[in-house]
Amino acid sequence: MIKIIKIGVLFSLIASFSNAQNIYQQWPVLKTYKGDYATKVAMPLGGIGTGTVSIGGRGDLRDWEIVNQGALGWKPVFNSGRGSIQLAPFFAIRTKTSAGESQTRLLEGPLSSDNLEGDWGSNELNSGFPRFGDCEFNAAYPLAQINLADENSPVKVSLKAFNPMVPGDTKVSSIPGAILKYVVYNKTNEAIEATVCGAIPNFIGTDGWGGSSEGNKNTFRKESNFTGIFMENENKDTLSGKWGTMALVTPETAGISYRSQWDPKLGWNGSLINFWDDINDDGMLQEQTGDYTGNKPATLAVKASIPPNGSKEFVFVLTWNFPIRLAWEAQPNYGEHTPIKNHYATVYTDAWQVAKDLIPNLQPLEKRTVEFVEAFVNTDVPQVLKEAALFNIANLRSQTVFLDEDGYAFGWEGTGSIVGTALNPKGAKAGWGFGSCTHVWNYEVTTPFLFGDVAMSMREVEFKYATDINTGAMAHRVWLPLKTSEQRMKTAADGQLGCLIKMYREWQLSGDNEKLMELYPYIKAAMEFAWKSSGWDKDANGVLEGRHHNTMDVNYIGPNPQMATWYLGALRASEEMAIQMNDKAFAKKCRSMFENGSKWVDENLFNGEYYIQKVPEPTDYQVGEGILVDQLVGQYLAHTCGLGYLLDKDKMTTTLKTIKKYNWQEDFNNHLSTFRSYAVNNEKGLIMGYYPENKREARPFPYYSEVMTGFEYSTAAHMLYEGLEEEGLAVFKAIRDRYDGKKRNPFNEGEFGHRYARAMASYSGLLAYTGFEYSAVNKTMKFNDREGKYFWSNGYQYGTIEIKNSGDDKSVILKVMNGELSLKSFSLNGFGEVKFKKGRTFSENKNVELIVVR
């Protein structure tokens, strides 16, 4: 489990540096979106387990998902008076030149043409505001830079938006807030006045799905180093997930004006007109009073002078604290159990406390975040691998994931939208697939390699709380509250077996032998369940012949490669953990079963082109002789944690070539999808299952005709591991081309819901391309020997490595960018190894050269 301390305490340990603002600091950019390709862009801003608000492709704030629920598509609104239109949160700028010309514009780019035909004209909120005519969105998650310009404005503006994130540092990566820095450039040769203001409605008591904000209250406050408006609801309900606090603050203390609400009396949009006239008059807001109905807009403004051809940075910080959640909406006894407190709410008393902790640390937090992103972006990895890995980290820091009071991490499969689905009577849901579903979360590798403590907390939940020590059965969906709920022991073979591989991985990455010792009785029981109680492998010969539930949401019957590779990987992982625990007899048993099972699968399931399922008798929903996209998924995961080959290497390489040949769709105009459609028109992708002529089951497994990114990523990464670089990169490219900002949001790869957990398999492309392996147990690090500069992270430290040819040898520059790293050996795969007889410690931010001799 994870315990987070306040960042104020944390940064008292960090060396101080100049407080001078560097408004010219350049942020790294991985991809730029413009015009139609910015329409769907929405980058979530928020920490691990805190919820998010997204910055849209034109600079707007959308998808307000900070209230313990997925609520994609929701913008809280406020009304500008009787008979008036609704307004959404916005930031605006008022400028006045030396000639006395003043104008006010929304700090957003132009509207797309997607939503202009409502019953009252444009259905896009805030459509009537003046705005900037040109906009581009520069992205390198979690950094968003939106550049705004207009020939009729005396300024151009760069919005820099982010939430702090540093690999291996869950503390600073779990802050409930969004930082918005508006850098305003004066285009003229004379000084101008500029006021930047933000209006955020106090919607506390609602969450996009219902509720009431009656009783909301906004209060202007001053601190020595910042000012702002504190938002609360006096109808306090500490047991409601909709109750909490918010704050809109700025580190500025001069030139401040505000409105705790707008004028409540003026109908027919008079309240809006009153605000517009007020800000446009002298750039200073006048406080309003009276009985304002609905979500009171907290409006905060900063006024300053900008010198000729100079610039000024206007910083705003939005913070929130919604302490209580009821966890799984889909859990059968939802609403009956004790509410759960978010872990971040144990760190911060309210949103104002978040601001007090965050404001004095803005610069070091930005510096560390930018350092990480620069290290990641400025490498010699193909662009598409970097994009897939970096942008899908957003799923980890969305409502897909939350942490309970004790710091244990949990995850939905995916989150919901307020629009929902027209395809199913279930319609809209806040979350899809409850319980940290093991067979979904098995595929992702982002969490362990970036935030090892978060991953380890999930393993502790799976083994210590979701596994019956007496039978070894592991619930594939965990019920909450964790310590008081009786777990429903419905097992999934792939989920349980994959968790054993992941437990090995987390032990290797952390080096936490004590945690392994603590969980080992559960680990051993979970492994033995495969042949003792489950019926999966009744004769304990290393082959799963029995009935077993899996991620296709059906029960397979008979041996098949998908389950076989999970099983073989689990046996290998259990063998290694048993050796560490000096459980020699169990290690020997696991090894014997692995060798027998591996030999049997190669000899009996490989048909010369790929591996098949042997179905004992005609049964619905089986794979049969179909070509399953992830039939080697256990090997994929085994490669990411260094467990070696589970089946014959050549046979698996042949299988991957077969998958690329037959499952690859060059144009979905020519493909029938009998269920959901995640690829359409002339898009490309790998379908879940391809059946050669006359080989299809009458009722094949449900998802055979679909395409889903997590399955594609895992298979494509495996292709990279086996040297099929062209094939693997083509699959990665096809996925990211579908999420291009025009058709879909590049920060929201979906499956069963939005920001789907399995999509975080995308990080595996980086692992496969670089060959990165690390063991804190053995203190070893490995890479491929390809020349270039690469990023690495083991979940606790991160850094870079640069490999160059040096005659017949290789020169390696290794740099650790947070903490210290201890190694006993360093290897370049297939080339050579450097051993450190007494061990070697690599200090933070020191470039250390190693010479690897062939």
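Residues numbered from 1 in each chain as written. Predicted model: local features only at pLDDT ≥ 70, side-chain atom pairs only at ≥ 80, totals over all residues. Heavy atoms only, no water.

Participant: Would you mind showing me how to read the packing of helix α13 (residues 561–580) against helix α15 (residues 633–640) here?
Facilitator: Helix-helix packing is described using two parameters, namely the angle between the two axes and the distance between the axes. For the pair α13 and α15, interaxial distance at closest approach is 6 Å and the crossing angle is 30°. It follows from the interaxial angle that α13 and α15 lie roughly parallel. Along the contact surface, α13 presents Gln562, Thr565 and Trp566, while α15 presents Val633, Gly634, Gln635 and Leu637. A breakdown of the residues in the contact of α13 with α15 according to their chemical character gives three nonpolar, four polar and no charged. (Axes fitted to C-alpha atoms, helices over the stretch in contact; angles between N-to-C directions. Helix = DSSP H or I, 4+ residues; strand = E, 2+ residues; numbered from the N terminus. Parallel < 35°, antiparallel > 145°, perpendicular 65-115°, else oblique. Contact = heavy atoms within 4.5 Å. Nonpolar A, V, L, I, M, F, W, Y, C, P; charged D, E, K, R; others polar.)

Participant: Where do I start with the pattern of salt bridges in this structure?
Facilitator: Where charged atoms from two side chains of opposite charge come close, those side chains can pair. Taken as a whole and assessed by the stated rule, the structure comprises 51 salt bridges. Between Asp60 and Arg58 there is a salt bridge, and its shortest N-O distance comes to 3.6 Å. Exposure class is identical for Asp60 and Arg58. Each is buried. Between Lys181 and Glu366 there is a salt bridge, with the nearest N and O atoms lying 2.6 Å from each other. Of the two residues, Lys181 sits in strand β12 (residues 177–186) while Glu366 sits in helix α5 (residues 362–377), which places them 185 residues apart along the sequence. (Salt bridge = Lys/Arg side-chain N within 4 Å of Asp/Glu carboxyl O. Buried < 20%, exposed > 50% of the residue type's maximum accessible area, 1.4 Å probe, protein only.)

Participant: What is the right way to read the sheet that holds strand β9 (residues 134–140) from this model?
Facilitator: Within a sheet, each strand pairs with its neighbour through backbone hydrogen bonds, oriented either parallel or antiparallel. Overall, antiparallel pairing links the nine strands, which are arranged β1-β9-β10-β11-β12-β19-β16-β15-β14 in an open sheet. Single-partner strands in this sheet number two, and they are β1 (31–34) and β14 (216–222). Across the sheet, the mean angle from the axis of one strand to that of its neighbour is 15°, orientation sign disregarded. Two strands pair when backbone bridges link them, and β14 and strand β15 (residues 227–233) are joined in this way by seven bridges, in the antiparallel orientation. From the neighbouring strand, Asn216 faces β15, where its bridge partner is Asn233. Packed on one face of the sheet, helix α4 (residues 351–358) meets β12, β14, β15, β16 (245–250) and β19 (311–321) and runs near 140° to β19. (Pairing = 2+ DSSP bridges.)

Participant: Any chance you could explain the side chain of His671 here in plain terms?
Facilitator: Tracing the chain through its elements places His671 in the loop between β29 (664–665) and β30 (685–686). Of the polar contacts made by the side chain of His671, one reaches the backbone oxygen of Ser705; its length is 2.8 Å. Contact partners of His671, with chain neighbours within four places excluded, come to Gln665, Ile687 and Ser705. (Polar contact = N/O pair within 3.5 Å; in protein donor to acceptor, adjacent residues only side chain to side chain.)

Participant: For this particular structure, what's the right way to read the packing of aromatic side chains?
Facilitator: The geometry of two aromatic rings is summed up by the distance between their centres and the angle between their planes. Applying the stated criterion across every chain, the model contains 47 aromatic pairs. With a centroid separation of 6.0 Å and an interplanar angle of 70°, the aromatic rings of Phe836 and Phe842 are classed as edge-to-face. Given the relative accessible area of 11%, Phe836 is considered buried. Taken together, the ring pairs connect Phe78, Phe90, Phe129, Trp262, Phe275 and Trp276 into an aromatic cluster. We note Arg477 situated over the ring of Phe434; from NZ or CZ to the ring centre the distance is 5.7 Å. Lying across the ring of Tyr739, Arg744 places its NZ or CZ 5.6 Å from the centre. (Phe/Tyr/Trp six-rings, centres within 6.5 Å; stacked < 30°, edge-to-face > 60°. Lys NZ or Arg CZ within 6 Å of the ring centre and 35° of its normal.)

The analysis is restricted to geometry; functional conclusions fall outside its scope.
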